[in-house]
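A closer look at the structure
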Amino acid sequence: MDAPVPNRWVMEIAPYVPGRSTTDSGTKAVKLSSNENPFGTPEVARAAFAAAASQLERYPDASAAELREAIGAHYGLDPARIIYGTGSDEVLHLATGAYAGVGDEVIYVRYGFAVYDIAARRVGATPVVAPDTDYASDVDAILACVTARTKLIFIANPNNPTGTYTPRADIARLHAALPPHVLLVIDQAYTEYLDPEDDDGGLDLARNTKNVLVTRTFSKIFGLASERVGWGYGAPEMIDAMHRIRAPFNFSTAAQKAAVAALGDHAFVERSYRHNRAWRGWFADQIEAMGNKGLRAVPSKANFQLVLFEGEVTAEHAYKALMERGYIVRWLPGQGLPHGLRITIGTEDEIQGVAAAIREIMGA
Ligand SMILES: *Cc1c(COP(=O)(O)O)cnc(C)c1O
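Bear in mind that the values here come from a model prediction, so they are computed numbers and not experimental data.

What counts as what
- Residues numbered from 1 in each chain as written.
- Predicted model: local features only at pLDDT ≥ 70, side-chain atom pairs only at ≥ 80, totals over all residues.
- Heavy atoms only, no water.
- Helix = DSSP H or I, 4+ residues; strand = E, 2+ residues; numbered from the N terminus.
- Rg over C-alpha atoms; globule rule 2.2 N^0.38 Å.
- Contact = heavy atoms within 4.5 Å.
- Areas by Shrake-Rupley, 256 points an atom, 1.4 Å probe, with all protein chains shown as cover.
- Near = heavy atom within 4 Å.
- Polar contact = N/O pair within 3.5 Å; in protein donor to acceptor, adjacent residues only side chain to side chain.
- Nonpolar A, V, L, I, M, F, W, Y, C, P; charged D, E, K, R; others polar.
- Salt bridge = Lys/Arg side-chain N within 4 Å of Asp/Glu carboxyl O.
- UniProt positions renumbered as here; feature names shortened; annotations may be inferred.
- Buried < 20%, exposed > 50% of the residue type's maximum accessible area, 1.4 Å probe, protein only.
- Phe/Tyr/Trp six-rings, centres within 6.5 Å; stacked < 30°, edge-to-face > 60°.
- Pairing = 2+ DSSP bridges.
- Domains from an automatic or database assignment.
- Buried area = accessible area lost by both parts, 1.4 Å probe.

Time to look at the overall build of the protein. Helices and strands together make up the secondary structure of the protein, namely 13 helices and 13 strands. Computed over the C-alpha atoms, the radius of gyration of the protein is 20 Å, within 12% of the 21 Å expected from 2.2 N^0.38 for a compact globule of 364 residues. Along the first, second and third principal axes, the C-alpha set of the protein runs to 55 × 55 × 50 Å. Counting contacts in the protein only where the partners sit at least 6 residues apart, residues at least 24 apart contribute 74% of the total. Put simply, the protein shows about 15,600 Å² of open surface, and 54% of that area lies on carbon and sulfur atoms.

Pasting the structure below:
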């Protein structure tokens, strides 16, 4: 050995592929590939961010007290039981780092969020992939994967990249059937896009049991993806364990201030939710109308739509043809979806434009 050798399991990680912002030819385009908020960032958050520039020499508040208080007040949670991270991605890593290691198994669904695989492998744990049922998470399939080695289960609700939703009764059934030492992580990155009647009960489980962690993010409806603010809620013992491996100053003062401000802008969140619900429905109808060309819209409750290409025109062809027309969407061969495109619900102009481009490409 003439150089340091990385851990075997680290080299088995397939690097994360982020959504692109430029086309093949390098020109700027409409980016519908990362599920960002098409309305941008709340003005109040922008102002809070700018104000934080006056004290760049100071370390941020390592306890994120102001943010935890604000989240606690907003959602009716105990601030002491909130963990926070550089995006909820970090919270997912903290959970895996605290509870899983070499020889342990981590379960997630077949078309699950790409970070789960990285989080599991990063600590040397073995990823176990539960089959789906027509692209939706299947609670019974997940339970069938549980073994004596299972340490942690990731389930996103709604799920990314499928947009599918697992109802409250199924989440309850999943939790009830788990051995108490298995940590159930319910990733609610898109929860603000759900209709009010679609509460999956995750926060209640996190409040009342010892083995559920709910994660949330400011990257999606709150329009702060650049600032990397995520958080999680769980039992005090769980939060304590995660704090021990958290980097002490894991997000900036500006990020904390901006997140607190964004949380208070109800009008921005409400407008984003309504816009998304209306145009997601409209877009799904447009796709379904091309059913005779082999297109299918997987039922979505998030701020994106998974479109399946099951006819003559392939998803790869459509992906490239959309790029030529100035629309960047997400093609996901690396996640087992070479026949799918995930398309973020953009502004009215953007979503109408991308629908028109798809019609043209499909010859519909
Ligand atoms: C976008 C997303 C996240 C959030 O990531 P951040 O690190 O908070 O930006 C988490 N889980 C899922 C399923 C997502 O799609």
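From this point, things continue past the structure.
Further remarks concern the site of the ligand. Surveying the vicinity of the ligand reveals the residues Gly87, Ser88, Asp89, Phe113, Asn160, Asp187, Ala189, Tyr190, Thr217, Ser219, Lys220 and Arg228. One of the backbone N or O atoms of serine 88 is found 2.6 Å from an oxygen atom in the ligand. At 2.6 Å from a nitrogen atom of the ligand is found a side-chain nitrogen or oxygen belonging to aspartate 187. Considering the ligand on its own, with 390 Å² of exposed area, one finds that the protein chains cover 94% of that surface. When residues in the shell around the ligand are grouped by element, the largest group, 3 residues, is from helix H4 (residues 87-99). When grouped by side-chain class, the residues that make up the shell around the ligand number 3 nonpolar, 5 polar and 4 charged.

To continue, consider the pattern of salt bridges. Overall, the coordinates contain 23 salt bridges when judged by the stated rule. With a closest N to O distance of 3.2 Å, lysine 151 and aspartate 104 form a salt bridge. Linking lysine 151 in strand S5 (residues 150-156) with aspartate 104 in the loop between H4 and strand S3 (105-109), this pair joins segments that are 47 residues apart in sequence. Note that arginine 274 and glutamate 270 form a salt bridge whose closest N and O atoms lie 2.8 Å from each other. Of this pair, arginine 274 and glutamate 270 both sit in helix H11 (residues 266-288), 4 residues apart, roughly one helical turn.

In the UniProt entry, the feature "modified residue: N6-(pyridoxal phosphate)lysine" (unreviewed entry) is given for Lys220. Relative to the helices and strands, lysine 220 resides in the loop between strand S7 (212-217) and strand S8 (229-233). Judged by relative accessible area, which is 14%, lysine 220 ranks as buried. What lysine 220 contacts, discounting residues up to four positions off in sequence, is Ser34, Asn35, Asn37, Ala189, Tyr190 and Tyr193. Separated by 3.2 Å, the side chains of lysine 220 and tyrosine 190 make a polar contact.

A few words on the packing of aromatic side chains. Counted by the stated rule, this structure contains 11 aromatic pairs. The interplanar angle of 80 degrees and the centroid separation of 5.5 Å between the aromatic rings of phenylalanine 113 and tyrosine 116 together place this pair among those described as edge-to-face. Of the two residues examined, phenylalanine 113 and tyrosine 116, each falls in the buried class. Put simply, the rings of Tyr108, Phe113, Tyr116 and Phe154 touch in pairs and so form one group of aromatic residues.

With that out of the way, let us pick up helix H10 (residues 253-263). Among the residues of H10, Ala254, Ala255, Gln256, Ala258, Ala259, Ala262 and Leu263 are the ones counted as buried. Buried residues belonging to H10 abut helix H2 (43-51), helix H3 (65-75), S8 and H11.

Moving on, we come to the pairing of strand S10 (residues 304-309). Among the 6 residues of S10, 6 are classified as buried, and the element is accordingly described as predominantly covered. Note that strand S9 (residues 295-297) and S10 share 3 bridges and pair antiparallel. Directly across from arginine 296, in S10, lies its bridge partner leucine 308. The antiparallel hairpin formed by S9 and S10 contains 6 residues in its connecting segment. Bridging between S10 and strand S13 (residues 337-344) involves 5 bridges; their strand directions are antiparallel. What sits directly across from leucine 306, in S13, is arginine 342.

Annotation of the protein at the domain level lists domain 1 (8-40 + 267-362) and domain 2 (43-264). In this structure, domain 1 and domain 2 have C-alpha centres spaced 24 Å apart. Across the boundary between the two partners, domain 1 contributes 33 residues, which contact 33 residues of domain 2. Regarding the contact of domain 1 and domain 2, the summed buried area is about 2,700 Å², with carbon and sulfur atoms giving 60% of it. At the junction of domain 1 and domain 2, the tally comes to 10 residue pairs in polar contact (both at pLDDT 80 or more). Looking at the side of domain 1 that touches domain 2, the elements with two or more residues in it are H11, S10 and S13. Looking at which element gives the most residues to the side of domain 1 that touches domain 2, the answer is H11, with 7 residues. Across the side of domain 1 that touches domain 2, the residue classes tally to 15 nonpolar, 11 polar and 7 charged.

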